[in-house]
Amino acid sequence: MAGIPLSCKDRTNRDGIIYTKNLGLSAMEIQFARGFIPEEEAEELKEVAGKCDIELFVHSPYYINLTGDKRNVEMSMEKIRKSVHLADIMGAKVVTIHTGFYGSLSKKKAMERMAKNLRMLRDEFKKEGIEVPIGVETMGKKEVFGSIDEVIELCKRVHGIVPALDVAHIHARGNGCLKEKEDFQKIFDKVGELEMEHYLIHLTGVKYDKGGEMYHVPIRKGDMPVIKLMECIVENNYNVTIISESPILEHDAVYSQILLDRAMEMLK
Ligand SMILES: [Zn+2]
């Protein structure tokens, strides 16, 4: 799940990991939306996660713009650097980022600029021996860079970065395009080009209008048929990590696990 479980008494990442384990779940996303953690805490989280057998992921601060003016881009790159360094200490698997806006740029130009900046970061990390990849999130608002096709194109241009498949955002951006199992299959077919062994998926219910995503809601309050996503995953035996980004975090994380189990039962 994304962040510390709501019903976790001590609002710390450490207790969040333990709580996640006790719910029978296997992954947690450490969020830097409200600020970074000290390196000592990152080291501690690695240890706790290792003991609990919980895989860690990281979400960098939300406001990042790799296409803005020089100062904007430099600040954004600094946030990504900091997130990746902490993720490296934590032994996290992927660092999810939002890449930014088109602004006054054409979509093509925005893509070129993002690719250039991400390549620069990737080379820096490579030199430092850091292997945790940047995950570019599919974004729900149409005015923001990050359609599924753009994310895949960016991953092709910058070797070593991966997509963070927020299916609710894809659904919202496509005016509720995910209705059948085949619609989810199309997503996996598209990312298949990247030949990845593991997929990071973000999941929530979502409300949308013609501009795309408006806000996240619990899975049951949204109109995306999550069971069909699970069937698609089970049928193809995809190696996935599903992170709940729902406003009712752990409830929907557990609910997702139930749906996944149900899909497995149905296929028996
Ligand atoms: Zn995000």
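Our subject is the structure that appears above.
In what follows, the accompanying structure is described. (Residues numbered from 1 in each chain as written. Predicted model: local features only at pLDDT ≥ 70, side-chain atom pairs only at ≥ 80, totals over all residues.)

Some points on the overall build of the protein chain
Helix and strand counts for the protein chain stand at nine helices and nine strands. Relative to the globule expectation of 18 Å for 268 residues, the C-alpha radius of gyration of the protein chain, 18 Å, shows essentially globular dimensions. Its C-alpha atoms give the protein chain principal-axis dimensions of roughly 50 × 45 × 30 Å. When the 268 residues of the protein chain are sorted by exposure, 45% land in the buried category. In the protein chain, 78% of the contacts between residues at least 6 apart in sequence involve partners at least 24 apart. (Helix = DSSP H or I, 4+ residues; strand = E, 2+ residues; numbered from the N terminus. Rg over C-alpha atoms; globule rule 2.2 N^0.38 Å. Buried ≥ 20, exposed ≤ 12 C-beta atoms within 10 Å, placed from the backbone. Contact = placed C-beta atoms within 7 Å.)

Re helix α9 (residues 249-267)
Its 19 residues give α9 an end-to-end C-alpha distance of 27 Å, which sits within 8% of 27 Å, the value for a rise of 1.5 Å per residue. Lining the buried residues of α9 we find β6 (199-203), α8 (226-236) and β9 (240-244). (Expected span 1.5 Å × (residues − 1).)

Structural notes on helix α1 (residues 13-22)
For α1, the set of buried residues is Asn13, Gly16, Ile17, Tyr19 and Thr20. Down the axis of α1, the smallest arc covering the buried residues is 165°, so these residues share one side. For α1, the secondary structure elements touched by its buried residues are β1 (27-31) and α2 (39-52). Gly24, located one to two residues past α1, shows a positive phi value of around 85°. (Arc of directions from axis to C-beta.)

Describing the packing of α2 against helix α3 (residues 70-90)
Helix-helix packing: each pair is described by the crossing angle between the helix axes and the interaxial distance. With their axes 7 Å apart at the nearest point, α2 and α3 run at an angle of 40° to one another. It follows from the interaxial angle that α2 and α3 lie oblique. The handedness of the crossing between α2 and α3 comes out as right-handed. Contacts between α2 and α3 involve Glu39, Ala42, Glu43, Leu45 and Lys46 on the former and, on the latter, Leu86, Ile89 and Met90. Split by residue class, the contact of α2 with α3 holds five nonpolar, no polar and three charged. (Axes fitted to C-alpha atoms, helices over the stretch in contact; angles between N-to-C directions. Parallel < 35°, antiparallel > 145°, perpendicular 65-115°, else oblique. Left-handed = near helix turned anticlockwise from the far one by under 90°. Nonpolar A, V, L, I, M, F, W, Y, C, P; charged D, E, K, R; others polar.)

Some remarks on the pairing of strand β4 (residues 134-137)
Side chains Ile134 and Val136 project from β4 onto one buried face, and the interleaved Gly135 and Glu137 project onto a second face that is buried too. Strand direction decides the pairing type here: strand β3 (residues 95-97) and β4, joined by three bridges, are parallel. Bridging across to β4, Ile97 finds its partner in Val136. Inspection of the sheet shows β4 paired to strand β5 (residues 162-166) by three bridges, in the parallel sense. (Pairing = 2+ DSSP bridges.)

Some points on the sheet that holds strand β2 (residues 55-59)
If you trace the seven strands from one edge of the open sheet to the other, you get β1-β2-β3-β4-β5-β6-β9, paired in parallel fashion. Each edge of the open sheet is held by one strand with a lone partner, namely β1 and β9. Each adjacent strand pair in this sheet contributes to an overall mean axis angle of 30°, direction not counted.

A short note on the environment of Gly205
As for its placement among the helices and strands, Gly205 is situated in strand β7 (residues 205-209). In sequence terms Gly205 and His216 are eleven residues apart; their C-alpha atoms lie 5.7 Å from each other. Discounting chain neighbours no more than four positions away, the residues touching Gly205 are Ala168, His216, Val217, Pro218, Ile219, Arg220, Lys221, Gly222, Met224 and Ser246.

Details of the environment of Gly91
For Gly91, the position within the fold is in the loop between α3 and β3. Sequence-wise, Gly91 and Ala33 are 58 residues apart; in three dimensions their C-alpha atoms are separated by 19 Å. Every residue in contact with Gly91, bar those within four places of it in the chain, is listed here: Lys46 and Leu56.

Observations concerning the nonpolar core
Soluble globular proteins: nonpolar side chains tend toward being buried together. In this structure, Ala92 and Val95 are the most contacted members of the largest nonpolar core, which totals 72 residues. Considering every element that reaches this core, the biggest residue donor is α3, with six residues. Ignoring anything within four residues of it in the chain, the contact list for Val95 reads Val58, Ser60, Ser83, Val84, Ala87, Val132, Ile134 and Gly135. (Core = buried A, V, L, I, M, F, W, Y, C linked by C-beta atoms within 7 Å.)

Some points on the pairing of strand β8 (residues 212-217)
Alignment of β7 against β8, held across five bridges, turns out to be antiparallel. Paired with Lys207 across the two strands is Tyr215, which belongs to β8.

Points about unusual backbone geometry
Even without being glycine, Asp53 reaches a positive phi, approximately 60°. Within the fold, Asp53 resides in the loop between α2 and β2. Not every positive phi belongs to a glycine, and Asn175 is a case in point at roughly 50°. On the basis of neighbour counts, which here come to 12 C-beta atoms within 10 Å, the residue Asn175 falls in the exposed class.

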